Amino acid sequence: MHEMSRREMMRAFGLGGLGVAMAATLARGEDKGGTAMPVAKPQAFTLPPLPYKSLDPVIDDPTLALHHDKHHAAYVAGANKALDELAKAREAGDFALVKHWERDLAFNGSGCALHTLYWNSMWPGGRGQPAGALAEAIDQSFGSAAKMQAQFAAATKAVEGSGWGILVWEPSTTRLAVLQVEKHQNLTIWGAVPILVCDVWEHAYYLKYQNKRPDYVESWMKIIDWESAAARFGAAVK
Ligand SMILES: [Fe+2]
């Protein structure tokens, strides 16, 4: 079996800095000989560069720039601040504000992970189609690619308030599922691995689509990066 390097796994997951821990875990999981593998050092959350310059006309350039440079960057700053404050609290043995900072870490850390996956779920004009093992899994879990995409779009349009539509691999039942996540961290399944992520916070579409979220989602479905999705799926089912 082809041994993926840590860098290849990080790229496949599209998780940037956050992918280090996941990739390291996967690397240890593949180490069936019992040899101790080096454990990655804890790193700060980072803002990865966009993998393309434009997604116009589906997503206008001002929205793309604001979304990445301001909103995603704010989640990175927020998650790192939460980590710093929790470290100070541990040093001081003073956890009076632990509830606040843990909530902040969950909110901003999840925002970091999902935005990185969101950038890697799209490609200008779309790229590829569901194929190979991913297409087979989609057929087994949903009946067909068309049925999966219909459920994905319907769930994403129906998110209450701010949130995400996410296609995940659910390892305990070995099936793909669609999640309708509120904010960044509510209504998930622990252990589920994100394969395809669509952001429906208003900052993702409001400049161009205003209150017409369904129009944004329908357009978004046409710029899916199925090649990147297939790489994440392949890593998830290994
Ligand atoms: Fe967003």
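Just above sits the structure.
Let me begin by describing the structure that accompanies this report. None of the values given here were measured: they were computed from a predicted structure.

### A word on the overall build of the chain
Assigned secondary structure in the chain consists of 9 helices and 3 strands. Buried positions account for 36% of the 238 residues belonging to the chain. Sequence separation of 24 or more characterises 65% of the internal contacts of the chain that already satisfy a separation of 6 or more.

### Topic: the pairing of strand β3 (residues 193-199)
For β3, a buried count of 6 out of 7 residues is recorded, marking the element as mostly surrounded by other parts of the structure. Summarising the sheet, strand β1 (residues 163-170) and β3 pair through 6 bridges and their orientation is antiparallel. Bridging from a neighbouring strand, Leu167 pairs with Leu196 of β3.

### Comments concerning the packing of helix α6 (residues 145-157) against helix α8 (residues 213-220)
Between two packed helices, the angle of one axis relative to the other and the distance separating the axes together describe the packing. Following both chains from N to C, one finds α6 and α8 inclined at 150 degrees, their axes separated by 9 Å at the closest point. When the axes of α6 and α8 are compared, the pair comes out roughly antiparallel. Our pair here, α6 against α8, has a crossing hand that is right-handed. Contacts from Ala153, Thr156 and Lys157 in α6 reach Arg213, Pro214, Val217 and Glu218 in α8. Here the residues of the contact of α6 with α8 are counted per class, giving 3 nonpolar, 1 polar and 3 charged.

### Let's talk about helix α5 (residues 132-142)
Within the span of α5, buried status applies to Leu134, Ala137, Ile138 and Phe142. Down the axis of α5, the smallest arc covering the buried residues is 105 degrees, so these residues share one side. Away from its buried face by more than 90 degrees, α5 exposes Gly132, Ala133, Glu136 and Gln140. On its buried side, α5 packs onto α6, β2 (175-182) and α9 (226-237).

### A word on the packing of helix α3 (residues 61-92) against helix α4 (residues 98-119)
Taken N-terminus to C-terminus, the directions of α3 and α4 make an angle of 145 degrees; their axes are 8 Å apart at the nearest point. Along this stretch, α3 crosses α4, giving a crossing that reads as left-handed. Residue-level inspection shows His72, Tyr75, Val76, Gly78, Ala79, Ala82, Leu83, Glu85, Leu86 and Ala89 of α3 in contact with α4, the latter providing Val98, Trp101, Asp104, Leu105, Asn108, Gly109, Gly111, Cys112 and His115.

### Some details on α8
Listed in full, the buried residues belonging to α8 are Tyr216, Val217 and Trp220. Projected down its long axis, α8 shows its buried positions confined to an angular sector of 95 degrees, all on one face.

### Things to note about the sheet that holds β1
Pairing is antiparallel in the open sheet, where 3 strands are placed in the order β2-β1-β3. Each having just a single partner strand, β2 and β3 make up the two edges of the open sheet. Each adjacent strand pair in this sheet contributes to an overall mean axis angle of 20 degrees, direction not counted. Where β1 lies against β2, 8 bridges are found, and the strand directions are antiparallel. Note on β2: the bridge partner recorded for Trp164 is Val181. Its contacts with the sheet put α9 on β1 and β3, and the angle it makes with β3 is roughly 150 degrees.

### Quick look at the environment of Ile189
By the secondary structure assignment, Ile189 is in the loop between β2 and β3. Sequence separation between Ile189 and Ala177 is 12 residues, and the spatial gap between their C-alpha atoms is 9.8 Å. With residues near it in sequence (within four places) discarded, Ile189 still touches Val168, Glu170 and Leu179.

Here is what the cut-offs are and how they apply
- Residues numbered from 1 in each chain as written.
- Predicted model: local features only at pLDDT ≥ 70, side-chain atom pairs only at ≥ 80, totals over all residues.
- Helix = DSSP H or I, 4+ residues; strand = E, 2+ residues; numbered from the N terminus.
- Buried ≥ 20, exposed ≤ 12 C-beta atoms within 10 Å, placed from the backbone.
- Contact = placed C-beta atoms within 7 Å.
- Pairing = 2+ DSSP bridges.
- Axes fitted to C-alpha atoms, helices over the stretch in contact; angles between N-to-C directions.
- Parallel < 35°, antiparallel > 145°, perpendicular 65-115°, else oblique.
- Left-handed = near helix turned anticlockwise from the far one by under 90°.
- Nonpolar A, V, L, I, M, F, W, Y, C, P; charged D, E, K, R; others polar.
- Arc of directions from axis to C-beta.

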